[in-house]
Amino acid sequence: MTKNLKWRCESCGYTVEEKQPPENCPACKQKCKFANVTCYTPDCGGPGNIDPNLYDRKEKKK
Ligand SMILES: [Zn+2]
């Protein structure tokens, strides 16, 4: 069984849970870049959760 991954739109921050990132963002309707923000360590709860470090890093770059 393949776990869904967490994808975050780099334009609007919308997060989806799919095996592949969507071509068009459901929130901003653009062909956005999606960053994989899936957690891979037990620190953030393992796969199925969002890694807060990956998630926050993009926000702070603005
Ligand atoms: Zn978006």
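The structure displayed is predicted, hence computed values, not measured ones.

The next point concerns the overall build of the protein. Within the protein, the regular secondary structure consists of 1 helix and 3 strands. For the protein, the N- to C-terminal ordering of α and β elements is β-β-β-α. Looking at the protein as a whole, 16% of its 62 residues are labelled buried. Within the protein, residue pairs in contact and separated by at least 24 positions form 26% of the contacts whose partners lie at least 6 positions apart.

Ranked by size, the top nonpolar core spans 5 residues in total: Trp7, Cys9, Cys25, Cys32 and Phe34. Setting aside its immediate chain neighbours within four residues, cysteine 9 contacts Tyr14, Cys25, Ala27, Cys28, Cys32 and Phe34.

Right, let's get into unusual backbone geometry. Notably, lysine 29 is not glycine yet its phi reads approximately 60°, a positive angle. Structurally, the position occupied by lysine 29 is in the loop between strand S2 (15–18) and strand S3 (34–36).

Parameters at a glance
- Residues numbered from 1 in each chain as written.
- Predicted model: local features only at pLDDT ≥ 70, side-chain atom pairs only at ≥ 80, totals over all residues.
- Helix = DSSP H or I, 4+ residues; strand = E, 2+ residues; numbered from the N terminus.
- Buried ≥ 20, exposed ≤ 12 C-beta atoms within 10 Å, placed from the backbone.
- Contact = placed C-beta atoms within 7 Å.
- Core = buried A, V, L, I, M, F, W, Y, C linked by C-beta atoms within 7 Å.

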